[in-house]
Amino acid sequence: MAGELILVVDDESGITTTLRQYLEAEGFQVLAAADGNTATDLVKSHEPDLVVLDIMLPGRDGWAVCREIRARGKTPVIMLTARADEVDKLLGLELGADDYLTKPFSVRELAARIRTVLRRTRDQGTGSQQEDKVAFGSLVIDFGGYEVFVDGKPVSLTPTEFKLLSTLARRPGRIFSRLQLMEIALGSYYEGYERSIDTHISNIRKKVEPEPSAPRWILTVHGIGYKFVRGEST
């Protein structure tokens with residue numbers, strides 16, 4: 001069976017060439033784009049399994065491309081940034097990116113992150129978790145179907161967001177540290193990523209909480225992490 005299709009978007013030809021050679025040697029299929037408009041067209045025409053997306057691009061930048069990808073569906077996105085500025089990283093996560101990597105980076109590390117994100121995405125489609133559905137008032141989580149509903153309307157979560165929400169909701173009342181959630185979401189520890197869990201939680205709250213600033217279900221445990229409470233459990 002052919003490997004997953006990876007779209008690499010970067011205007012530096014050296015990077016796309018290196019990534020294509022390495023990823024193809026690892027069994028992936030690879031498409032490349034050097035600008036945002038081409039990237040958007042390839043996402044529409046080829047529906048890649050994952051997109052590696054640089055922020056600084058000619059034409060439409062990585063932010064705009066990420067918004068377009070997320071508006072179309074749940075295709076995983078790993079963003080690349082040339083700056084170590086935390087603002088860039090957090091903005092990418094707020095737009096729905098699943099992971100980020102700062103240039104210069106190890107090709108081997110990027111490949112490992114690609115596998116981790118793809119594995120998390122595959123798990124959502126194979127029924128690897130217990131197939132059940134729970135309702136907490138207006139919030140319904142279908143663990144087997146990998147769907148979330150609020151007031152009967154479907155909510156689109158990224159694979160990382162669904163993984164975090166389902167982890168918390170399966171154990172109401174249990175406190176999870178940021179490190180625990182980070183390891184659950186990514187499968188391993190990445191330096192500097194732990195605080196980015198806050199951004200993922202914020203995104204989830206915006207999508208499922210009636211009042212994100214005064215959450216009903218996902219509560220912050222100051223100095224530790226987060227916990228899920230039943231709220232209006234039915």
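For every chain, the first residue of the written sequence is number 1, and numbering continues from 1 along that sequence. With pLDDT at 70 or above as the cut-off, local features in this predicted model cover only qualifying residues; side-chain atom pairs require 80 or more to be listed or tallied, and sums for whole chains, interfaces and linings still use all residues. For side-chain calculations, the full set of non-hydrogen atoms in the structure is used, while hydrogens and water are omitted.

A.B. asks: Quick one: what's the story with the pairing of strand β7 (residues 139–142), residue by residue and with numbers?
C.D. replies: Between any two strands, pairing holds if DSSP finds at least two bridges. A run of H or I in DSSP counts as a helix once it spans at least four residues, and a run of E counts as a strand once it spans at least two, with each numbered from the N terminus. As judged from the 4 bridges shared by strand β6 (residues 133–136) and β7, these two strands associate in the antiparallel manner. Bridge pairing in β7 places V134 opposite I141. Linking two consecutive strands that pair antiparallel, namely β6 and β7, is a turn of 2 residues; a positive phi of about 65° is found at G137 within it. Taken together, β7 and the strand that follows it, strand β8 (residues 147–150), pair antiparallel across an intervening segment of 4 residues, in which Y146 is found at a positive phi of about 55°.

A.B. asks: Provide a residue-level description of the sheet that holds strand β10 (residues 175–177), including the pertinent values.
C.D. replies: Taken together, the 3 strands give an open sheet; going across it, the order is β10-β12-β11, and neighbouring strands pair in antiparallel fashion. The strands lining the two open edges of the sheet, one partner per strand, are β10 and β11 (218–221). Between one strand axis and the next, the sheet turns by 30° as a mean value, whatever way the strands run. Where β10 meets strand β12 (residues 225–228), 3 bridges bridge the pair, whose relative direction is antiparallel. Counted as the bridge partner of I175 is K227 from β12. Against the sheet, helix α6 (residues 159–170) contacts β10, β11 and β12, and its axis sits at roughly 65° relative to β12. Each of β11 and β12 touches helix α8 (residues 197–208); the most contacted strand, β11, lies at about 150° to it. The convention used is that axes are lines fitted to C-alpha atoms, helices contributing only their stretch in contact, and that angles between N-to-C directions extend from 0 to 180 degrees. Here a residue-residue contact requires only that any non-hydrogen atoms of the pair lie within 4.5 Å.

A.B. asks: Mind laying out the packing of helix α2 (residues 36–46) against helix α3 (residues 62–72), listing which residues take part and the relevant values?
C.D. replies: Two packed helices can be described by the angle between their axes and the distance between those axes. Contact geometry for α2 and α3: axes closest at 10 Å, N-to-C directions at 15°. With respect to α3, the axis of α2 lies roughly parallel. α2 and α3 meet at a crossing whose hand is right-handed. Across the interface between the two elements, G36, A39, T40, V43 and K44 from α2 touch V65, E68, I69 and R72 from α3. For the contact of α2 with α3, the residue count by class is 4 nonpolar, 2 polar and 3 charged. Each angle is binned into one of four classes, with values under 35 degrees roughly parallel, values over 145 roughly antiparallel, values of 65 to 115 roughly perpendicular, and all other values oblique. Handedness of a helix crossing follows the sense of rotation of the near helix relative to the far helix, less than a right angle counterclockwise being left-handed and clockwise being right-handed. Under the scheme applied, nonpolar residues are Ala, Val, Leu, Ile, Met, Phe, Trp, Tyr, Cys and Pro; charged residues are Asp, Glu, Lys and Arg; polar residues are all the others, including Gly.

A.B. asks: I'd love a proper account of the packing of aromatic side chains, names of residues and values included.
C.D. replies: Within a pair of aromatic rings, the relevant descriptors are the distance that separates the centres and the angle that separates the planes. Two aromatic rings from Phe, Tyr or Trp, using only the six-membered ring of Trp, form a pair when their centres are within 6.5 Å; if the ring planes differ by under 30 degrees the pair is stacked, by over 60 it is edge-to-face, and anything between is tilted. Per the stated rule, a full pass over the model turns up 2 aromatic pairs. With 4.7 Å between their ring centres and 65° between their planes, F136 and F228 make a pair best called edge-to-face. Within this pair, whereas F136 is found in strand β6, its partner F228 is found in strand β12, the two being separated by 92 residues in sequence. One exposure class covers both F136 and F228, and it is buried. Buried means the residue's accessible area, taken with a 1.4 Å probe over protein chains only, is under 20% of the maximum for its type, while exposed means over 50%, and partly exposed covers the values in between.

A.B. asks: Now, about the pattern of salt bridges: what can you tell me, with residues and values included?
C.D. replies: Any carboxyl oxygen of Asp or Glu within 4 Å of a side-chain nitrogen of Lys or Arg constitutes a salt bridge here. Evaluated as defined, the whole model comprises 11 salt bridges. Between R170 and D132 there is a salt bridge, with the nearest N and O atoms lying 3.8 Å from each other. Of this pair, R170 sits in helix α6 while D132 is found in the loop between α5 (107–125) and β6, placing the two residues 38 residues apart along the sequence. According to the relative accessible area criterion, R170 is partly exposed, its value standing at 29%. Of the residues examined, D132 reaches a relative accessible area of 22% and is grouped as partly exposed. Between E161 and K207 there is a salt bridge whose closest N-O contact spans 2.7 Å.

A.B. asks: Can you break down the sheet that holds strand β5 (residues 99–102) residue by residue, with the values?
C.D. replies: Strand order in the open sheet made by the 5 strands is β2-β1-β3-β4-β5, with parallel pairing throughout. Two strands bound the open sheet, and with one partner strand each, they are β2 (29–33) and β5. Strand-to-strand, the axes of this sheet are offset by a mean angle of 20°, without reference to chain direction. In terms of strand pairing, strand β1 (residues 5–9) meets strand β3 (residues 50–54) through 4 bridges, oriented parallel. Paired with V9 across the strands is L53, a residue of β3. With respect to the sheet, helix α1 (residues 13–25) is in contact with β1 and β2, its orientation differing from that of β2 by roughly 170°.

Limitation: the analysis is restricted to geometry and does not speak to function.
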